[in-house]
Amino acid sequence: KNGNVNFFSARAYYENTYKYMLSPWPKDIIGYEMFINWSEPVTLTEGTFDAMAIRKNTIPLFGTTMSDALMEAIVENGVWRVNIVLDNDALKNAIRIFQQIERLKVEEIDVHLIKLVDKDPSVLGFQKITEIINKSEASDFSDMVMLKMNSK
């Protein structure tokens, strides 16, 4: 949050190499923390390219689960809305994130699970993904049940 490097990720440019690499340090961090305005809705994405495509108040998870540090920051900063935008292949893991946030429902956080069809945020681009997020509605437990049933 102070601009010091505490984590990094890298993506392969050429084929036949590793797909991506994460730093060996623990992932109990908040990606792009120094750019987050906690009084605005926060959007969670799987990786950095999706976060860059969405641009506004977006936190890459560097995977598909929230860190303890991120959960604490959401509560401490009184975040009122969290958008979960995961790639289609990771969507079933959104259930785990939703459950983590549900535990925080005492804080009355609106959770919007953004279901994308066929394309990742980085492919859709800023304008289209912003439109999708803005049109989304708050998710509830029945949405999570349906997601779980459809992911098998």
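Below you will find a few notes about this structure. These numbers were taken from a predicted model, which means no experiment stands behind them.

1. Quick notes on the overall build of the chain
So, point 1. Check the secondary structure of the chain and you find six helices and six strands.
So, point 2. Helices and strands appear in the chain in the N-to-C order β-β-β-α-β-α-β-α-β-α-α-α.
So, point 3. Out of the 152 residues belonging to the chain, those deemed buried represent 42%.
So, point 4. For the chain, the share of sequence-separated contacts (at least 6 apart) that also reach a separation of at least 24 residues comes to 62%.
So, point 5. When the accessible surface of the chain is summed, it comes to about 9,400 Å², and 50% of that surface belongs to carbon and sulfur atoms.

2. A look at the packing of aromatic side chains
Two aromatic rings are characterised by how far apart their centres lie and by the angle between their planes.
So, point 1. Throughout the structure, instances matching the rule amount to zero aromatic pairs.
So, point 2. Its end group placed over the ring of F126, R55 keeps NZ or CZ at 4.1 Å from the ring centre.

3. Focus: the pattern of salt bridges
So, point 1. Going through the model one piece at a time under the given rule, you end up with one salt bridge.
So, point 2. Close ionic contact of K128 with E131 constitutes a salt bridge, the shortest N to O distance being 3.8 Å. Highlighted residues: K128 and E131, both in helix 5 (residues 126-135), separated by three residues, approximately one helical turn.
So, point 3. On the accessibility criterion, K128 (39% relative accessible area) is partly exposed.
So, point 4. Residue E131 is classed as partly exposed on the basis of its relative accessible area of 35%.

4. Topic: helix 2 (residues 68-76)
Working note: α-helix, 3.6 residues per turn, so residues spaced by three or four point in the same direction.
So, point 1. Buried within helix 2 are the following residues: L70, M71, A73 and I74. Buried residues in helix 2, looked at end-on, bunch into an arc of 165°, giving them a common side. Along helix 2, exposed side chains directed more than 90 degrees from the buried face belong to D68 and E76.
So, point 2. One or two steps after helix 2, the chain reaches G78, where phi turns positive at roughly 65°.

5. Brief notes about a negative patch on the surface
So, point 1. A contiguous patch of negative charge, built from D28, D68, E72 and E76, is present on the exposed surface.
So, point 2. Relative to the assigned elements, E72 resides in helix 2.

6. What about the environment of N4?
So, point 1. With respect to the element layout, N4 can be found in the segment before strand 1 (9-11).
So, point 2. Once the C-alpha coordinates of N4 and M34 are considered, the two residues, 30 residues apart in sequence, prove to be 9.6 Å apart.

7. Section: helix 5
So, point 1. Turning to helix 5, its buried residues number three or more, namely I129, T130 and I133. For helix 5, the angular spread of buried residues about the axis comes to 105°, placing them on one side. Set apart from the buried face of helix 5 by more than 90 degrees, the exposed residues are Q127 and K135.
So, point 2. Buried residues along helix 5 sit in contact with strand 3 (42-45), helix 1 (48-54), strand 5 (81-85) and helix 4 (121-124).

8. A short note on the sheet that holds strand 4 (residues 58-60)
So, point 1. Reading across from one edge, 4-3-5-6 is the order of the four strands in this open sheet, with parallel pairing throughout. Strand pairing shows two members of the sheet lacking a second neighbour, strand 4 and strand 6 (110-113), which therefore form its edges. Neighbour to neighbour, the strand axes of the sheet diverge by 20° on average, direction disregarded.

9. Section: the side chain of T43
So, point 1. Mapping T43 onto the fold places it in strand 3.
So, point 2. Exposure remark for T43: the relative accessible area of 4% places this residue in the buried category.
So, point 3. In this structure, T43 is in contact with I54, N57, T58, I59, N83, V85 and I133, ignoring residues within four places of it in sequence.

Conventions adopted
- Residues numbered from 1 in each chain as written.
- Predicted model: local features only at pLDDT ≥ 70, side-chain atom pairs only at ≥ 80, totals over all residues.
- Heavy atoms only, no water.
- Helix = DSSP H or I, 4+ residues; strand = E, 2+ residues; numbered from the N terminus.
- Buried < 20%, exposed > 50% of the residue type's maximum accessible area, 1.4 Å probe, protein only.
- Contact = heavy atoms within 4.5 Å.
- Areas by Shrake-Rupley, 256 points an atom, 1.4 Å probe, with all protein chains shown as cover.
- Phe/Tyr/Trp six-rings, centres within 6.5 Å; stacked < 30°, edge-to-face > 60°.
- Lys NZ or Arg CZ within 6 Å of the ring centre and 35° of its normal.
- Salt bridge = Lys/Arg side-chain N within 4 Å of Asp/Glu carboxyl O.
- Arc of directions from axis to C-beta.
- Patch = residues over 30% accessible without salt bridge, like charges linked within 9 Å, V, L, I, M, F, W, Y side chains within 5 Å.
- Lys, Arg positive; Asp, Glu negative; His and termini not counted.
- Charge placed at Lys NZ, Arg CZ, Asp CG, Glu CD.
- Pairing = 2+ DSSP bridges.
- Axes fitted to C-alpha atoms, helices over the stretch in contact; angles between N-to-C directions.

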